Each structure stands twice: as C-alpha cells, then as structure tokens.
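# Observations on the model geometry
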Amino acid sequence: MSVVAIAPLRLPARVLRRTAVHAGLVAAVLAVGCLALMLGDYRLTVGQVLGALVGDPGPAHFVVVELRAPRWVLGVLVGLAFGVSGALFQTSLRNPLASPDVLGVSQGASAAAVATLLVGGASGWAMTAAAAGGGVLVGVLLYAVAWKQGTTGQRFVLSGIGVAYLAGSVVGYLLTRSDVRDAQAALTWMTGSLGQSSWQLVQVLGPVLLVLLPLAALLARGLDLLQLGDDRAASLGRRPEVVRGGAVLLGVLLASAATAAAGPVAFVAFAAAPIARRLLGDGTPGLAASGLVGVVLVTASDVVAQHLLPVDVPVGIVTGALGAPVLIWLLARRRTS
Amino acid sequence: MTTTAPAAPARTSGAPVTPQTGESEGTARLRRRRVAVVVGALLLLALACAASLAWGARDIAPGQVWRALVDPVAGDNDHLVVRDLRVPRTLVGLVGGAAFAAAGVLLQGVTRNPIADPGLLGINAGASLAVVVAIALGASSIGAYVWCAFAGAVLAALVVHLAASLSGDGPTPVTLALVGAAFSALATSAITVVLLTDQRTLGEFRSWQVGSLANRSLDLLPPVLPFVVLGVVLAVAAAPVLDALALGDDVAAALGVRVGRGRALVLLAVVLLCGSAVSLVGPIAFVGLVVPHLARMLVGAHDHRWLLGVSLLLGPSLLLAADVIGRLLAPPGEVEAGLVVAVLGAPVLLAIVRRGRVLA
C-alpha cells in the first residue's frame, strides 16, 4: 500500500507479479478473441482466422471481418470501459460496493433507454443516444447534489444511491405498465447484450474511449495516494477532491458510453476491480488490470452465451453467472496476511 | 425539525462528551431532543395509519371509517372496504416498514457502510429467485409467495454467510458485502433466464418485484409476525454490540465484546426481519436504506437503541405514506408503494447528503 516507503525492498517481486498478471490477462484476452472468431455456424481454424485478418479474400474473410470481429471488438471496448469505470469508482470513493449500478448511472441510462423503447416505441440508435444521455444526466445530478466545496466519497455514494432508486422506480413503473412482450425486450436491453454490434457502433465507442482512457491513466498515481486517506494524499501534494472529482467524472462517462453501446452489462463494473486487485495482491487500484479483467469477463461470457448454451441469451446473464463464482473463489482463497 | 444541534454527537462516535458545556447539560439536551423526536415520530405514524384507513379509491367519510372499525354492519360496502382492504394493508405496512427499517439500522451498523441496504446479503435476490421459481411452477397467490420469499431469503443469507466464512479473513463486513453482491448477481442471472423465456412469469413477477401493499390479507400476518418480533428483540439486545462495533473491531474486542458472536447475532436478526418484510411487501429495500439515515440525523449515530426505536416508527410511516399517496394518485388504479417510496425517500436522502450531516 505505502509504495513510497517500502518500494526499494519489495520492488522486484512486486514488479514480477504485476507483469505476470498483466501478461496473463492479455494472453487470455487474445485466446478468447481467437475462440470468438473461430466459433459459430461456420467453424473456422486458427489459420483461416489469421488469414482472413491479414486480408486473404475468400468466404472466411466476410465471416470473420464483417460478422464476428465487430462483436468481439465491441465486447473488448465495453469490458474495458466497465472494468476501468468500476475501478475508478471503488478506489476514488473508497467503497468496495461502489459501481455504476450503485451510483445510479446504470439506472439513469436504463430509465432513459426503456422510456424510449416503451413510450417512444423507438429502438436501435435512439436507445443508444437516450442511454448515453440518461447516464450523463445522472452524473450531472450527482455533482449538483454532492459538490459542496469539494466532496467526500460518502456524499457521492449516497447521492448516487438516491438517484439510483429514483431512476429505478421509473423503470419499474414503465415495466409494470407495458405489454409483456415489450417488457421482455426492455429486460433484454437492461441485462446487457452485444446483439446490436456493428462496425459503426465500434467507430462511435472507440474514439470516446481513446479520449477517456488516457485521462484515467493520468489519475492512476493520484488514486494510489488517495488510498492512504485524504490527509496523507494532500500532504503528498495531491488535492484529494480534484482527484476524486475527476475519477468520478471519468467513471460516469465511461460507464455511460459502455451502457449506451451494450446496456448495463451486469456485474462487470462491480467485479472487475476486486478480481484484479486480488490477482495483483499489492493493494494498488490496478486500473489497467481491472480493464483487462472486464474485457475477459465480457468477451468470454459472450462466447459462452453464443456457443455453449442451448439457447442464445444476452451476455449480461453469463457475466453474472461467470463472474460471481470467480470473485467468491478469490475471496475464499485469500489467507490472512 | 431543529435548526441547530449543538449536542449532536461527534462524527467519530464514542461517548457524547461535550467538553465546553459540561457533560451533564449536554446529555440532558440530547435526551430532550431524542424524546421530542420519538414523540414526533409517534404522531407521524399515527397520522399515517389514520390516512391509510381513511383514504383510498373509494370515498368514505371519517365517521363511517370509525364505525367500520368499532361497530361494523355486515353487508355495508364501505365497512367491507375498510375492514377487508384497508385494515390489512395498513397492518402489513406497519410490520413490513418497521422490519425493513430495523434491518437497515442493523446492517449499516454491522457493516459500517452507510450504503448497506437489506438487499446487501443477497436476501432480496434470494427471495426474488424463490418467487420467480414458484410462479414458473404455477403458484399465483400472494399467500404462496410469502413462504417462498421467506425461505429464499433465509437460504440466500445462509449461503452468503457460509461462503463469506470460507474466506481467510472470515465473514468481515467487506467480504460479506462482496459475497452478497456476487450471490445477488448469480441469482439475478437465473431470474433473468426465466423471465426472458417465460412471458407469463414475467407478467406476474414484475408486479411483485416493485413492492406493494395491495391485495394483502390478514392471514399473511400470523405466520410472519413471530419472526419479526424475534428479530426486533434480537436487534434491541444487540444494540450495545453495534455501538461498540462502530469503534472498530479491535476497540470493540478490547471493550470485551465478542465480535464474531455479536456480528452473527445481528445478522440473524437482519435475516429474520428482512426475510419477513420481503415476503410481506416485496423487495422495497429503500425503506431500510433511507430511514436509518434520517434517524441518525435526528437522534445521533452512536446509540443504536435510539436509532432502532426511531427507525421502527419512521419506517412504517414512510411505507404507509407512500402507499396512501400511491392510492390517491390515479384512482381507481394505484401506483405501487414500492415505486412511491423511492420518489418520497430519494429527495429526503439527497437533502440529508446536501446538508452534509451524513453520520455513519
């Protein structure tokens, strides 16, 4: 935790483990990616996939590049955004329960998207835009309520919960007063699904992440210090309220963008950071590792959802079912140090 | 209620020492304030009960309501509405609201996390899963849901506690919360699978899930009431333990509190209270979240007996008020109490946050 003081002694082992964890996660991402591109009605070999990717024309090219790749890439982007967003919330607010669901971002996005679907009768891009707007609106509301000459994590979290329940009751109202079939469509969206993936969607979400993720990386050091407490962080030259305010803002934007693209994919943002932190085992926030865990969780779940289950289910069903045992296992394995 | 609160306890909790004014005067003022709050909360609750009996889709004069209670005439429709519809939902609201609020105080105390709500231990998810399975298998009455929900809630809490105990650190607040959330995610996955493949179940479940006091009969209460009473007794008995736990596990242990046993006792009370409440009115966890915050603002954070007492009065007041408003919004239909609770409670929570008097 206090990297500053003990770094010289423990550096080699720490660095080794961090590198190994990151390398392992990247390998897992690539392996899952390979599977995602190979599996399907038209089964391909690794060679065919690689050939298609480097530009060999042929039937495999269309299947890989036009049909399967956009879905996998969207899964990567969404997982990355949710994973980093959850890590930003949990570390900056110092609350292991903080996540886009708890802070109301998911519910705000859901309320807007479900209203678009059930009241406006629109879907597709209209829902995407509404979800993004709803999520950002919740973020604005959070600041309006919680900001008071800087802000504490506690105030953010509690305001978020209030907003979450408020938006949640809007969703509940709409769901109970709509046709059952429409309610089912809304539920599918709220579970999180990569079903509407396309290169256009990737082209919108990609640049957004290209802007937001580097900004998150800039905050990493400040977040590290924030773990020591506001006073210590301040004495080390970081203004805690600025770091926290920035982290929450980025977290809200990342979660809103990902939710707009795929719906509030269950459990990813909540579980990615605790899983990453237990893999790293050194008490750092681990933004990059959280993002990678998010990617593995989403893309692997989508492979399971598409190919291993008898019926085609939205990815959000599998992320919960897959992530929960992993988290519980990691918690159980840890011995008191 | 009061504009300034000089005697309100310090953030760090501990004994209510006020060095400047002298301890006795400070404690006396705090005591007067607490008694005033309890009296106010009692009045509020009485008002909520009266409103719940008097107002609804059918216009019934107050005199008629009174006669329906003390001297009912068989066959009189007004009397029938009061006795068979309004009295049961008022009583169910009383029990459910009180149980949720008390469970909230206990959970926020034992986890030392101000955002802990009764859904935290997977209780709501477990109850919901059980109800979904019951509906899918053919159950279709509130009476049948009650037992399923209660069994699901208790089972979920057991599983979560067991899984949390496996961890190297034992069932600490953080592991409990994480395992509870993980379990909830698992259960939600299962629920969603059923709901997406079975429209009839979705149609039934969505109205149970938002939480409501409608269509509850008096038969629901007798089987649940003993659990609620036992839960409240345990809660009151465990209150001093929570006061000590607020100072941290180590300090509590140094004060002679057996931390593990105390925590288990509190969790048992939470399961009983929350399981009963969910089975009666559905997963309206927000009551258990917002009421303890309101109570802390009114009577201070460091004495859990007062917190419990005030919450036991405010919880049902909030739930009944939400129910009455929901009835009056769109007669002859109604908006479910679970939805109105959020609309009533969220602004209260935001106002508490805004005033910067969050005590945890």
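Identification of chain B as Iron chelate uptake ABC transporter family permease subunit from Nocardioides fonticola is taken from an unreviewed UniProt entry. Taken verbatim from the UniProt record of chain B, the Subcellular location (unreviewed entry) comment is "Cell membrane". In its Sequence similarities (unreviewed entry) section, the UniProt record describing chain B reads: "Belongs to the binding-protein-dependent transport system permease family. FecCD subfamily."

An unreviewed UniProt entry lists chain A under the name Iron chelate uptake ABC transporter family permease subunit, from Nocardioides fonticola. The UniProt entry for chain A carries the following text under Subcellular location (unreviewed entry): "Cell membrane". For chain A, the Sequence similarities (unreviewed entry) comment in UniProt is given as "Belongs to the binding-protein-dependent transport system permease family. FecCD subfamily."

This part covers the overall build of chain A. Along its length, chain A carries 13 helices and zero strands. Along the chain direction, N to C, the helices and strands of chain A fall in the order α-α-α-α-α-α-α-α-α-α-α-α-α. Over its C-alpha trace chain A gives a radius of gyration of 20 Å, about what one expects of a compact globule, namely 20 Å for 337 residues. Taken over the C-alpha atoms alone, chain A extends approximately 60 × 50 × 35 Å along its principal axes. A total of 337 residues make up chain A; the buried ones form 55% of that total.

What follows deals with the overall build of chain B. A count of helices and strands for chain B gives 13 helices and zero strands. N-terminal to C-terminal, the α/β element order of chain B is α-α-α-α-α-α-α-α-α-α-α-α-α. Relative to the globule expectation of 21 Å for 360 residues, the C-alpha radius of gyration of chain B, 21 Å, shows essentially globular dimensions. For chain B, the spread of C-alpha atoms along the principal axes amounts to about 65 × 50 × 35 Å. Excluding contacts between residues fewer than 6 apart, the proportion of contacts in chain B whose partners are at least 24 apart in sequence is 75%.

Turning our attention to the interface of chain A and chain B. Each partner contributes to the interface: chain A provides 47 residues, whereas chain B provides 43 residues. Going through the elements one at a time, helix 5 (125-146), helix 6 (153-176), helix 7 (180-191), helix 11 (268-280) and helix 13 (315-333) of chain A are the ones with two or more residues in the side of chain A that touches chain B. Looking at which element gives the most residues to the side of chain A that touches chain B, the answer is helix 6 of chain A, with 16 residues. When its residues are assigned to classes, the side of chain A that touches chain B shows 28 nonpolar, 14 polar and five charged.

Residues and elements named next belong to chain A. Taken over all residues, the pLDDT of chain A has a mean of 85, while the share at 70 or more is 93%. In the model of chain A, helix 9 (residues 230-235) stands out as the element of lowest mean pLDDT, 72, in contrast to helix 12 (residues 287-308), which has the highest, 93. In this model, residues 1-7 is a region of pLDDT below 50 whose contacts with residues beyond four sequence positions or in other chains number four contacts.

This next bit is on the nonpolar core. The tendency in soluble globular proteins is for nonpolar side chains to be buried side by side. Ranked by size, the top nonpolar core spans 243 residues in total, and within it Ala81 and Ala272 of chain A together with Ala102, Val131, Ala153, Val270 and Cys274 of chain B carry the most contacts. It is helix 3 (residues 59-92) of chain A that provides the largest number of residues to this core, a total of 16 residues. Discounting residues that sit within four places of it in the chain, Ala153 of chain B has contacts with Ile123, Gly126, Ala127, Val271, Cys274, Gly275 and Val278 of chain B.

Axes are the key here: two packed helices are described by the angle between their axes and the distance separating the axes. Residues and elements named next belong to chain B. Taken N-terminus to C-terminus, the directions of helix 12 (residues 304-329) and helix 13 (residues 337-355) make an angle of 110°; their axes are 8 Å apart at the nearest point. The orientation of helix 12 relative to helix 13 falls into the category roughly perpendicular. In the packing of helix 12 onto helix 13, the handedness of the crossing is right-handed. Residues Leu318, Leu319, Ala321, Ala322, Asp323, Ile325 and Gly326 of helix 12 form the contact with helix 13, whose own contacting residues are Ala337, Val340, Val341, Leu344 and Gly345. Tallied by class, residues from the contact of helix 12 with helix 13 come to nine nonpolar, two polar and one charged.

The next point concerns the confidence of the model for chain B. All names here are of chain B. The predicted model of chain B has a mean per-residue pLDDT of 83, with 92% of residues at 70 or higher. Model confidence for chain B, summarised as mean pLDDT per element, is weakest for helix 9 (residues 249-254) at 81 and strongest for helix 12 at 92. Every residue in residues 1-19 scores below 50 in pLDDT, and together they form 27 contacts with partners more than four places removed in sequence or on other chains. Interface confidence for the predicted complex, given as ipTM, is 0.82, next to a pTM of 0.83.

On to helix 6 of chain A, then. Between its terminal C-alpha atoms helix 6 of chain A stretches 34 Å, which fits the 34 Å expected from 24 residues at 1.5 Å a residue. Burial analysis of helix 6 of chain A places 22 of its 24 residues in the buried class, which makes it a mostly covered element.

What follows covers the environment of Leu226 of chain A. Residues and elements named next belong to chain A. Positionally, Leu226 belongs in helix 8 (residues 199-226). Placed 29 residues apart in sequence, Leu226 and Ser197 show a C-alpha to C-alpha distance of 37 Å. Ignoring any residue separated from it by four or fewer positions in sequence, one finds Leu226 in contact with Thr91, Ser92, Ala233, Pro240, Val243 and Arg244.

Let us now look at the UniProt feature "transmembrane region" (unreviewed entry) in chain A. Residue and element names in this part refer to chain A. Mapped onto this numbering, the UniProt entry annotates "transmembrane region" (unreviewed entry) at residues 20-40, 72-89, 101-119, 125-144, 156-175, 204-226, 247-273 and 313-332. Within residues 204-226, the helical portion is 100% and the strand portion 0%, while the C-alpha atoms at the span's ends are 33 Å from each other. Helix makes up 90% of residues 313-332 and strand 0%. Its end C-alpha atoms lie 29 Å apart.

Let us now look at the packing of helix 5 (residues 142-166) of chain B against helix 6 (residues 173-197) of chain B. All names here are of chain B. As a packed pair, helix 5 and helix 6 sit with axes 9 Å apart at the nearest point and diverge in direction by 130°. Judged on the interaxial angle alone, helix 6 and helix 5 are oblique. Where helix 5 crosses over helix 6, the handedness of that crossing is right-handed. Judged by residue contacts, Ala156, Val159, Val160, Ala163 and Ala164 of helix 5 engage Thr175, Leu176, Val179, Gly180 and Phe183 from helix 6.

Attention now goes to unusual backbone geometry. At Phe267 of chain A, a position not held by glycine, the phi torsion is positive, near 75°. Position of Phe267 of chain A relative to the elements: it lies in the loop between helix 10 (240-262) and helix 11. What makes Phe267 of chain A buried here is the crowd of 31 C-beta atoms within 10 Å. The phi dihedral of Asn215 of chain B is positive, around 60°, even though this residue is not glycine.

Another point: helix 4 (residues 105-118) of chain A. End to end, helix 4 of chain A covers 20 Å across 14 residues, agreeing with the expected 20 Å (1.5 Å per residue, within 8%). Helix 4 of chain A sits mainly inside the fold: 13 of its 14 residues count as buried.

Before going further, it helps to examine the environment of Gly260 of chain B. Along the chain, Gly260 of chain B turns up in helix 10 (residues 259-281). Placed 11 residues apart in sequence, Gly260 of chain B and Asp249 of chain B show a C-alpha to C-alpha distance of 9.3 Å.

Moving on, we come to the environment of Thr128 of chain A. All names here are of chain A. Among the structural elements, Thr128 can be located in helix 5. A residue is classified by how many C-beta atoms lie within 10 Å of it, and Thr128, with 23 of them, is buried. Along the backbone, Thr128 and Ala112 are 16 residues apart, and their C-alpha atoms lie at a distance of 9.5 Å. When sequence neighbours within four positions are dropped, the list of residues in contact with Thr128 reads Ala260 and Ala261.

Thresholds, definitions, all that
Residues numbered from 1 in each chain as written. Chains lettered and ligands numbered in written order. Predicted model: local features only at pLDDT ≥ 70, side-chain atom pairs only at ≥ 80, totals over all residues. UniProt positions renumbered as here; feature names shortened; annotations may be inferred. Helix = DSSP H or I, 4+ residues; strand = E, 2+ residues; numbered from the N terminus. Rg over C-alpha atoms; globule rule 2.2 N^0.38 Å. Buried ≥ 20, exposed ≤ 12 C-beta atoms within 10 Å, placed from the backbone. Contact = placed C-beta atoms within 7 Å. Nonpolar A, V, L, I, M, F, W, Y, C, P; charged D, E, K, R; others polar. pLDDT = per-residue confidence, 0-100. Core = buried A, V, L, I, M, F, W, Y, C linked by C-beta atoms within 7 Å. Axes fitted to C-alpha atoms, helices over the stretch in contact; angles between N-to-C directions. Parallel < 35°, antiparallel > 145°, perpendicular 65-115°, else oblique. Left-handed = near helix turned anticlockwise from the far one by under 90°. Expected span 1.5 Å × (residues − 1).

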